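Architecture and fold: a report
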There are 2 protein chains.
Amino acid sequence: MPRFTEFETYDVRFPTSLHLDGSDAMNADPDYSAAYLILRTDAGDGLEGHGFAFTIGRGNDVQTAAIEALRDHVVGLEVESTLADLGGFWKSLVHDSQLRWLGPEKGVIHMAIGAVVNAVWDLAAKRAGVPLWKLLAGLSPEQIVDLVDFRYLTDALTHDEALEILRKAEPGRAEREKQLLDHGYPAYTTTPGWLGYDDAKLVQLCHEAVAEGFGQIKLKVGANLEDDVRRMQLAREAVGPDIRIAIDANQRWDVADAITWIEALTPYDVWWVEEPTSPDDVLGHAAIARAIAPTRVATGEHVQNRVVFKQLLQAGALSFLQIDSARVAGVNENVAILLLAAKFGVPVCPHAGGVGLCELVQHLSMFDLVAVSGSTDQRVIEYVDHLHEHFLDPVVMEAGHYVAPVRPGFSAELAAGTLRDFRYPGGKVWTEFTKEQSK
Amino acid sequence: MPRFTEFETYDVRFPTSLHLDGSDAMNADPDYSAAYLILRTDAGDGLEGHGFAFTIGRGNDVQTAAIEALRDHVVGLEVESTLADLGGFWKSLVHDSQLRWLGPEKGVIHMAIGAVVNAVWDLAAKRAGVPLWKLLAGLSPEQIVDLVDFRYLTDALTHDEALEILRKAEPGRAEREKQLLDHGYPAYTTTPGWLGYDDAKLVQLCHEAVAEGFGQIKLKVGANLEDDVRRMQLAREAVGPDIRIAIDANQRWDVADAITWIEALTPYDVWWVEEPTSPDDVLGHAAIARAIAPTRVATGEHVQNRVVFKQLLQAGALSFLQIDSARVAGVNENVAILLLAAKFGVPVCPHAGGVGLCELVQHLSMFDLVAVSGSTDQRVIEYVDHLHEHFLDPVVMEAGHYVAPVRPGFSAELAAGTLRDFRYPGGKVWTEFTKEQSK
């Protein structure tokens, strides 16, 4: 019986702060980073499971240490029985009676569990010889529901309700899979809107986004109101009236500030307002959503777990739910969140960008289309053109759509050269950077 | 100008799981642990700042690594200007633009900030030559408000409202300080109620608690309803009708389960129900609170930050607010939470126990009494008789009350021998334990 034998972690960082890519009102100078994991087995098939947590620089060592803390939960397990009960595996990590004190179910330790769970799913899809989205979308409703831990959810979504949602979507699976393979999944782009870019670059990138076929763009806002009004006006002029413009405040405001600020931007037709305040503030989001209606609220990239998503839905605090592939505890928890969103009829529009978040999250939206919500209506996956070249199976965009990946796995695998050169602090990129700085 | 020069961390663990002390429905086998920090300066006065995060075993290494990640935020800072602006120091840690991705403001990284902030407060109180509670209670309302970050709070508590609360409490400070020094601060004990104890031990410990002068005890519940009913009945018989009995489910239930379970215990007169469900579930707590009224809900030991406390208060989800000295980002954030509780008129009854949580949190309640709420009405600090002997300035109980500490500092300091012998995995206690196990 093959077992998990190796558990290898890497602190990988990209010096993105040098170019102000990824700059917003809250994250001034990110160095996009991955706390990265490779799992190996003695099955003799050469297949590995890759997974990671995404951070923006400092603290990536802590995140890597947290993944290391889960080593004994994985090494030694039988591969086949583990893959046959990934719901049980998830619980064995999340409900560890000592580790849960570090969360529970939030922050560094929860993201570490996400990395491990996702690595195991990567392996599962490779062993099955299919991309992850197809592996998930090929499971029976019963198998999908078994992946989910309903603890703390049953006041909003029960096991039986989830099963009903999945069964209702079952008949159209084949047709929607064909639609997905033929046309891809719609995307929007954040590339034009980073706060660090000047007006000329903003306008140029807006034109490029439209030319590339995107139907939606997003602007970062929240540092200076006057600047935001000017940038919003420029962007609207550049893209015309038919392209959706979302704005993203990255948690910058208190409730009252959010309402005032958003009202100043609504004349330019705001598709959604993202992260207006603290990701922990369900009631704050709900108050903002009520005040700015019909303008709508989106949030989720920093929402720590399914319990907070449940409440955001219960409180009517969001109109677009933004899952992140590497913030919560991996595929299983995102399946729970997709089911919650379906129950409440809220479209899921994932957060992506960073390091490999586009690569991962496309699989979840594609699964959602085929087997859960059954729709792309009002649904788009974020796209940011960063660092894809480091992945073995990078996302492919065509006419503003994600092309469905066909390679087996979760598209999670960084190139060996990247793991070597960008390893922090010893990789070539960082030793040279340090030499340069000390000149 | 003296500066912070040394930042020394320790992974300290106590093998408490051997005796099932601290066992509850969620935490079956805790090894009480501290991720511990000593700060030193070159002031030449020999004074050190001690602080720590509390965990229950596995993962204490990750917690210690997270404290290490803050080293560069402290070492090199000028001592006096740092102590003169501890509100600013707090923000420099919490709003670090890269580290906040690991939370934001939750979990491992937030607890690490708590350890650092508390260590700096320990030093501040030692330099002032007073216990921390007295240092805080001697600040002007303006100085206290400057400690607080009002970001995300202003829809519930503004700077000016906080100032008004503090000014209103100012006239009686001297009188209440005298009351505190004469009579101490009321406590309740959790010692009788751990799930791992048999009925005979429960009854015996209940009798002892009453004999020691406690007016309130607490039972752990949530593993088995039949057992809980029997234990509650035994405890009520043992303590009589006049001693308050609180129950604590340690997050065990979903909303509907909580309501059923609590109703089965109410015939025995339940003073409060603690942590009925996920600490993240504001709306769930509110639903439970409405359903079980007039029985009341208490929560807080796992509440991640002031934003979640704000919502629990806004939603009427709790009747007793349980701060924890080492879960949120230290003294400053707990000052914010005490002010929020005062604004909503909710009594603060701290969580304690573990390693040194009693030692720390007594200072916060005593400050609350003298300078914020101005009352001990319905207020009690948890007391658990664990591991106090390892501290240089352990808590002192008299007739069910915490005696106000008079030694300068935050009572945070572990004995040097403890730091040496319980260090994990190299300390004597652990090397001997490992030898024993491998026999």
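Refer to the structure presented above.
Everything in this summary refers to the structure shown in the same document. What you see is a predicted model; the values in this text were computed from it and never measured.

**A few points about the pairing of strand β4 (residues 185-193) of chain A**
Residues and elements named next belong to chain A. Of all the nine residues making up β4, eight are buried; the element is thus mostly covered by neighbouring parts of the structure. Pairing geometry for β4 and strand β12 (residues 401-402), over two bridges, is antiparallel. Residue pairing in the sheet places Pro 186 in a bridge with His 401 of β12. For β4 and strand β10 (residues 381-383), the ladder comprises three bridges, and the chain directions are parallel. Paired with Ala 187 across the bridge in β10 is Ile 381.

**Re helix α10 (residues 225-239) of chain A**
Residues and elements named next belong to chain A. For α10, spanning 15 residues, the distance from its first C-alpha to its last is 21 Å, which sits close to the expected 21 Å at 1.5 Å a residue. Every buried residue of α10 is listed here: Asp 228, Arg 231, Met 232, Ala 235, Arg 236, Ala 238 and Val 239. With its buried residues spanning 160 degrees around the axis, α10 presents them on a single face. Residues of α10 that are exposed and point over 90 degrees away from its buried face: Glu 226 and Glu 237. For α10, the side-chain oxygen to backbone nitrogen distance between the N-cap and Glu 226 is 3.0 Å, and the N-cap itself is Asn 224. Directly beyond the C-terminal end of α10, a positive phi value near 80 degrees is found at Gly 240.

**Concerning the pattern of salt bridges**
Counted according to the given criterion, the structure contains 63 salt bridges over all chains. Taking the shortest distance from any N to any O, the salt bridge between Lys218(A) and Glu382(A) comes out at 2.9 Å. Residue Lys218(A) is found in strand β5 (residues 216-220), and its partner Glu382(A) is found in strand β10; the two are separated by 164 residues along the sequence. Each member of the pair, Lys218(A) together with Glu382(A), is buried. Across the salt bridge formed by Arg13(B) and Asp11(B), the nearest N and O atoms sit 2.9 Å from each other. The structure contains a network of salt bridges with shared partners spanning Lys218(A), Lys220(A), Asp248(A), Glu274(A) and Glu382(A).

**Here we look at the packing of aromatic side chains**
Under the defined criterion, the tally for this structure stands at 28 aromatic pairs over all chains. On the basis of an interplanar angle of 80 degrees and a centroid distance of 5.5 Å, the ring pair of Trp430(B) and Phe433(B) is categorised as edge-to-face. Residue Trp430(B) and its partner Phe433(B) are located together in helix α17 (residues 428-437), separated by three residues, close to a single helical turn. A relative accessible area of 23% places Phe433(B) in the partly exposed class. An aromatic cluster of at least three residues, connected via ring pairs, comprises Tyr10(A), Tyr36(A), Phe52(A) and Phe391(A). Against the face of Tyr197(B) rests Lys201(B), its NZ or CZ located 4.1 Å from the ring centre.

Rules used in this analysis
Residues numbered from 1 in each chain as written. Chains lettered and ligands numbered in written order. Predicted model: local features only at pLDDT ≥ 70, side-chain atom pairs only at ≥ 80, totals over all residues. Heavy atoms only, no water. Buried < 20%, exposed > 50% of the residue type's maximum accessible area, 1.4 Å probe, protein only. Helix = DSSP H or I, 4+ residues; strand = E, 2+ residues; numbered from the N terminus. Pairing = 2+ DSSP bridges. Expected span 1.5 Å × (residues − 1). Arc of directions from axis to C-beta. Polar contact = N/O pair within 3.5 Å; in protein donor to acceptor, adjacent residues only side chain to side chain. Salt bridge = Lys/Arg side-chain N within 4 Å of Asp/Glu carboxyl O. Phe/Tyr/Trp six-rings, centres within 6.5 Å; stacked < 30°, edge-to-face > 60°. Lys NZ or Arg CZ within 6 Å of the ring centre and 35° of its normal.

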